[in-house]
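Breakdown of the fold
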Amino acid sequence: MKTLPLLLLVLTTLAACTSTPRRYYPPVVEQGDAAAGRDEVPPGEPLEPGASRPAPRATRAVVALLDQARAQLRAGDPDAAAAVLERALRIEPRNPRLWSQLAWVRLRQDLPAQAEQMALKSNALAGGDARLQAANWRIIAKARRLRNDADGAVAAERMARDLEARRP
Amino acid sequence: MARKKTRKTRSRRRRKGRRFPIPWIKLAFAALALLAAYIAFLDFQVYRQFEGKRWSLPARVYARPLELYVGLALSPSAFADELRALGYRFVSRPRRPGEVARDGSRFRLVTRPFRFWDGAEPSRDLRLEFSGARLESLGDGARRPVALARLDPLEIGSIHTARQEDRVLLRLSDVPPELVQALIAVEDRDFYRHHGISLRAIGRALLANLRAGSVVQGGSTLTQQLVKNFFLSSDRSLWRKLNEALMALLLELRYDKDEILEAYINEIYLAQDGQRAIHGFGLGSRYYFQRPVEELDTARIALLVGMVKGPSYYNPRRHPERARERRNLVLRIMREQGIISRAEEQRARTAPLGLVEAAEGTSKTFPAFVDLVRRQLRRDYREDDLTSEGLKIFTTLDPQVQWALQKSLARRIAAFGRAQPELQGAALVTSASNGEVLALAGGRRAGFAGFNRALDARRQVGSLLKPAVYLTALEQPRRYTLATRIDDGPLEIESGGELWRPENYDHSFHGEVLLYQGLAHSYNVATVRLGLELGVEAVIRTLRRLGVGGPLRPWPSLFLGATELSPLEVTQIYQTLASGGFHTPLRAIRAVLDETDQPLQRYPLSVQRVVDPVPALLITRALQLVVAEGTARSLAGRFRADAGLAGKTGTTDGLRDSWYAGFDGERLAVVWLGRDDNQPMGLTGAAGALQVWADLFRRSGVSVLRPAVPEAIEWHAIDRETGGLADNGCGDPVQLPFSTASALPEPVSCRAAPRRWLKRLLR
């Protein structure tokens with residue numbers, strides 16, 4: 001019985017130096033593919049209307065990533081496509097086509113506000129490329145419609161038509 | 001009677017004695033119950049420890065992976081630095097992952113496989129050829145071109161509590177079989193046969209110890225050693241040993257052999273690195289050899305296994321001879337047990353210890369940057385999860401830029417520090433287009449944790465705020481152009497009941513100057529006058545759009561930067577300017593994966609246009625002219641003429657703060673120098689911070705800044721004196737962009753009219 005106090009001491013010290021294992025995972029924050037299934041791009045088609053050929057400046061690496069993003073979008077995974085396009089943008093941050101593609105993917109990710117901003121960024125870099133700018137205004141129109149801004153959408157569509165009319 | 005009485009008493013006593021056993025049995029039962037409870041308690045303890053250790057994993061923090069593609073701007077020596085930091089071994093013929101051969105500017109390597117947030121990168125055989133500071137060709141082993149590949153990312157830190165040890169968790173299947181076999185052969189040959197304790201081993205140890213007359217051999221099984229490691233105590237009492245033996249038996253009842261072995265491999269104490277205890281073969285391998293355990297050869301495996309017996313006694317860095325003997329003994333046992341052949345033993349015996357120190361000048365710990373990462377993570381995760389859930393944090397840090405920044409800052413401060421030993425500094429480098437933080441220095445000694453000036457030093461910003469005044473003006477194209485004349489003559493204003501007479505840095509007035517010149521030369525009086533025309537509220541609105549969050553006092557002194565901001569906050573403002581008017585939140589994290597490599601969270605790119613393209617171009621042009629002909633013109637001569645660098649110097653009263661914020665086509669860097677006690681230190685923005693900036697960009701290379709030009713822009717040659725449209729007679733006019741909504745300045749004929757400066761001189 002002499003050991004009882006000792007035992008209690010051991011018990012309390014042991015209890016004090018242990019920690020509780022817990023498994024808690026924070027939730028995945030990014031949007032799922034709620035937008036998947038909408039605006040399906042037919043296989044073989046470019047992501048964004050009007051960009052049928054790779055931009056002249058695009059390096060092989062960027063072309064490979066664009067292909068990968070297209071495949072992921074077709075597979076209904078716009079989040080993965082967005083990650084790949086961001087990777088491409090790290091290689092060519094001033095390529096307006098990449099920004100435009102990302103704008104399109106943001107629509108598919110159900111992020112219309114960001115889609116509009118990405119399209120504006122693309123336009124800021126697009127120089128005199130009226131065709132690309134028109135495509136971006138089409139994206140902006142879509143984004144505004146998704147945000148219930150009908151007037152804004154009409155204005156954007158007018159911009160797109162004006163730019164398209166400039167072409168021979 | 002007396003007798004009778006005695007007998008009676010005796011018999012009573014006997015009867016009493018017969019009654020007594022029942023409480024004794026109760027007591028025995030109680031003792032047994034207590035013992036059972038105690039065993040149950042021990043069982044619970046050992047279970048908790050085992051499960052707790054199994055899952056308590058600090059978050060690991062990674063730098064950006066190096067992307068390889070043709071056209072990549074990178075010098076072969078910088079590439080070699082990165083490989084060395086990653087622990088790649090330079091060999092003559094690379095065969096295994098983590099090996100590289102170099103022949104001048106040609107490399108051949110086998111990359112390590114790695115799981116990223118956006119998919120897996122397999123191990124690849126790559127051939128690279130550099131030309132100058134550019135990757136010219138990239139192919140696979142069969143010389144087929146490869147479009148894109150990426151290396152495994154550099155691990156730059158882990159997030160663990162002060163008490164917690166750092167660990168790299170290994171799965172048993174990741175551990176080389178040779179290591180497992182050697183460990184069992186050396187430490188516990190009966191491991192797969194015993195039930196936690198081995199009487200045979202104890203007997204053998206006893207015999208050996210008796211023979212030697214001292215303790216030369218232990219009889220502890222791996223399971224017992226594991227238990228001992230769980231409760232890390234130097235107590236060697238019999239009670240302790242009994243407890244350990246009991247817990248070892250309990251552990252074996254609960255878990256199978258492989259689970260115990262896996263825990264052992266991750267738990268065993270191997271070294272002490274300052275405050276940090278090195279537990280487990282995963283971390284031990286990195287600590288001693290700078291490489292993952294999968295890539296160890298036989299000699300190194302034997303060295304590590306040998307250290308288990310006495311990590312400090314056999315420490316190969318302190319006692320190389322002792323460690324070598326121990327390693328060779330392990331090799332002999334491995335051969336005797338048939339784990340390796342005699343030839344392999346011979347080869348390994350003659351091998352050097354193979355210790356690798358962390359590469360010089362390419363340190364891998366960046367506490368100031370990890371501090372920023374940690375703060376960003378705290379917004380989304382609980383501290384507990386960061387220190388125990390084994391998260392993988394993929395950050396934006398670019399080691400190449402970080403190393404260049406650390407060198408530039410340390411070198412320049414050391415040079416200035418001869419006159420100013422108290423001089424401190426901080427800096428951030430970001431990617432101009434997406435807001436990723438590439439490098440961060442929180443003080444002159446970048447490798448040390450401590451006061452993180454980049455985030456926490458709030459200092460007067462001085463002229464760094466001036467672009468907000470000029471941008472506010474340029475957003476009114478009908479009123480202002482870059483060539484508008486503004487007055488830099490003496491000025492008196494009443495502010496807060498006091499009369500304020502702003503002065504220029506050179507204590508003189510410059511009369512009428514062109515708007516861009518006010519910014520380029522950082523004229524205080526012209527800027528205040530312009531600000532008053534615009535209104536302080538309008539300038540505050542601009543600052544808010546650019547990204548200033550904190551309080552701003554609506555006083556005219558704000559035009560001259562009378563507000564305190566941290567280098568991080570300044571970087572956010574200039575980020576908007578460097579990305580052509582798109583506010584881009586600064587990010588230090590790309591993604592977070594959980595322990596099983598499932599994405600938990602991404603931090604996607606987001607932008608917000610806050611300045612229209614036309615004024616964005618006008619202010620960029622003005623910032624380029626700061627470098628071309630203004631306060632930062634000392635930069636112009638140091639970089640190629642067409643680099644088009646843009647930036648702004650900042651100096652505060654009494655030379656207490658020296659700032660420079662500048663960008664090229666790809667990167668923005670903000671540098672601050674000053675003293676922690678806010679005493680004068682004698683450097684202007686141009687003499688101090690700008691020098692660090694120049695050093696940094698010389699090391700990491702500049703990319704040409706060619707701002708996007710909107711369609712509603714016209715370029716005109718402008719006479720620097722009058723601000724008029726220049727004719728052929730005007731010497732050295734300045735090319736300025738104008739909004740098509742602006743009225744153009746009147747043409748001047750330089751041939752006809754006498755020079756304005758002549759007029760001024762005659763006045």
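Right above here is the structure, for reference.
Notes on the structure follow.

The rules we used
- Residues numbered from 1 in each chain as written.
- Chains lettered and ligands numbered in written order.
- Predicted model: local features only at pLDDT ≥ 70, side-chain atom pairs only at ≥ 80, totals over all residues.
- Heavy atoms only, no water.
- Helix = DSSP H or I, 4+ residues; strand = E, 2+ residues; numbered from the N terminus.
- Buried < 20%, exposed > 50% of the residue type's maximum accessible area, 1.4 Å probe, protein only.
- Contact = heavy atoms within 4.5 Å.
- Areas by Shrake-Rupley, 256 points an atom, 1.4 Å probe, with all protein chains shown as cover.
- Salt bridge = Lys/Arg side-chain N within 4 Å of Asp/Glu carboxyl O.
- Pairing = 2+ DSSP bridges.
- Axes fitted to C-alpha atoms, helices over the stretch in contact; angles between N-to-C directions.
- Parallel < 35°, antiparallel > 145°, perpendicular 65-115°, else oblique.
- Nonpolar A, V, L, I, M, F, W, Y, C, P; charged D, E, K, R; others polar.
- Phe/Tyr/Trp six-rings, centres within 6.5 Å; stacked < 30°, edge-to-face > 60°.
- Lys NZ or Arg CZ within 6 Å of the ring centre and 35° of its normal.
- Left-handed = near helix turned anticlockwise from the far one by under 90°.
- Core = buried A, V, L, I, M, F, W, Y, C linked by side-chain atoms within 4.5 Å.
- Domains from an automatic or database assignment.

**Regarding the overall build of chain B**
In terms of helices and strands, chain B carries 24 helices and 31 strands. Burial statistics for chain B: of 763 residues in total, 56% are counted as buried. Residue pairs at least 24 apart in sequence account for 69% of intrachain contacts in chain B once pairs closer than 6 positions are excluded. Carbon and sulfur atoms make up 52% of the accessible area of chain B, which totals about 34,000 Å².

**Observations regarding the overall build of chain A**
In terms of regular secondary structure, chain A is built from 7 helices and 0 strands. In chain A, the order of α-helices and β-strands from amino to carboxyl end is α-α-α-α-α-α-α. Taking all 168 residues of chain A together, the buried fraction comes to 49%. Counting only contacts in chain A whose residues sit at least 6 apart along the sequence, the fraction spanning at least 24 positions is 60%. For chain A, the computed accessible surface area is about 8,200 Å², with 56% contributed by carbon and sulfur atoms.

**Some remarks on the pattern of salt bridges**
Residue and element names in this part refer to chain B. Counted according to the given criterion, the structure contains 58 salt bridges over all chains. With its nearest N and O atoms 2.6 Å apart, the salt bridge here joins Arg545 to Glu475. Here Glu475 lies in the loop between helix 17 (466-474) and strand 18 (485-488) and Arg545 lies in helix 20 (residues 536-546), a separation of 70 residues in the sequence. We classify Glu475 as partly exposed; its relative accessible area is 25%.

**Considering the sheet that holds strand 9 (residues 134-140) of chain B**
Residues and elements named next belong to chain B. The strand order 3-4-5-8-9 describes an open sheet built from 5 strands, whose pairing is mixed. Every interior strand has two partners, whereas the edge strands, strand 3 (89-90) and strand 9, have only one. Note: strand 5 (residues 106-110) against strand 8 (residues 125-131), 5 bridges, orientation antiparallel. Among the inter-strand pairings, Leu109 is bridged to a residue of strand 8, identified as Leu126. Where helix 3 (residues 76-85) meets the sheet, its contacts fall on strand 3, strand 4 (99-103), strand 5 and strand 8, and the angle it forms with strand 5 comes to roughly 25 degrees.

**Notes on the packing of helix 2 (residues 60-74) of chain A against helix 3 (residues 78-91) of chain A**
All names here are of chain A. Contact geometry of helix 2 with helix 3 gives a least axis separation of 8 Å together with a crossing angle of 170 degrees. For the element pair helix 2 / helix 3, the angle class is roughly antiparallel. For the pair helix 2 and helix 3, contact is made by Ala61, Val62, Leu65, Leu66, Gln68, Ala69, Gln72 and Leu73 and by Pro78, Ala80, Ala81, Val84, Leu85, Arg87, Ala88 and Ile91, respectively. The class makeup of the residues in the contact of helix 2 with helix 3 is 13 nonpolar, 2 polar and 1 charged.

**Thoughts on unusual backbone geometry**
All names here are of chain B. Look at Asn678: it is not a glycine, yet its phi comes out positive at around 60 degrees. Here Asn678 is to be found in the loop between strand 29 (667-675) and helix 23 (689-700). Unlike most non-glycine residues, Asp732 shows phi in positive territory, near 50 degrees. Asp732 gets classed as exposed once you look at its relative accessible area, which sits at 57%.

**Quick look at the packing of aromatic side chains**
All names here are of chain B. Within this structure, the stated rule accounts for 19 aromatic pairs over all chains. Here the aromatic rings of Phe114 and Phe394 are separated by 6.2 Å at their centres, their planes lie at 85 degrees, and the arrangement is edge-to-face. Placement of Phe114 in strand 6 (residues 114-116) and of Phe394 in strand 14 (residues 392-395) is noted, with a sequence separation of 280 residues between them. For Phe114, a relative accessible area of 18% corresponds to the buried category. Residue Phe394 is classed as buried on the basis of its relative accessible area of 0%. Measuring from ring centre to ring centre gives 5.9 Å for Phe116 and Trp117, while their planes differ by 85 degrees; the resulting arrangement is edge-to-face. A residue is classified by how much of its surface remains accessible, and Trp117, at 8% relative accessible area, is buried. An aromatic cluster is present here, built from Tyr62, Phe114, Phe116, Trp117 and Phe394 joined pairwise through their rings. We note Arg112 situated over the ring of Tyr88; from NZ or CZ to the ring centre the distance is 4.6 Å. When the ring centre of Tyr313 is taken as origin, the NZ or CZ atom of Arg322, which lies over that ring, is 3.9 Å away.

**Digging into the packing of helix 5 (residues 112-125) of chain A against helix 6 (residues 130-146) of chain A**
Residue and element names in this part refer to chain A. Packing of helix 5 against helix 6 leaves a shortest axis separation of 8 Å and a crossing angle of 165 degrees. By the angle class used here, helix 5 and helix 6 are roughly antiparallel. As for how helix 5 packs across helix 6, the hand of that crossing is left-handed. Contacts between helix 5 and helix 6 involve Pro112, Ala115, Glu116, Ala119, Leu120, Ser122 and Asn123 from the former and Leu132, Gln133, Asn136, Trp137, Ile139, Ile140, Ala143, Arg144 and Leu146 from the latter. Broken down by class, the residue content of the contact of helix 5 with helix 6 amounts to 10 nonpolar, 4 polar and 2 charged.

**Side note on the environment of Ala473(B)**
Residues and elements named next belong to chain B. Tracing the backbone shows Ala473 in helix 17. Separated by 142 residues in the primary sequence, Ala473 and Pro615 place their C-alpha atoms 9.1 Å from one another. In this view, Ala473 contacts Tyr480, Leu515, Leu530 and Leu534; residues no more than four positions away in its chain are not counted.

**What to know about the nonpolar core**
Residue and element names in this part refer to chain B. Counting 193 residues, the largest nonpolar core has Leu68, Phe79, Leu128 and Leu377 as the members making the most contacts within it. Tallying contributions element by element places helix 22 (residues 613-629) first for this core, with 10 residues. Residue-level mapping places this core at the junction of two domains, with at least three residues from each of domain 1 (61-154) and domain 3 (713-762). Beyond its immediate sequence surroundings of up to four residues, Phe79 is in contact with Leu66, Leu68, Leu74, Phe107, Leu109, Leu128, Phe130, Leu151 and Gln400. Membership of the second largest hydrophobic core comes to 61 residues, among which are Val168, Ala263, Ile301 and Ala348.

The values are spatial; any link to function lies outside them.
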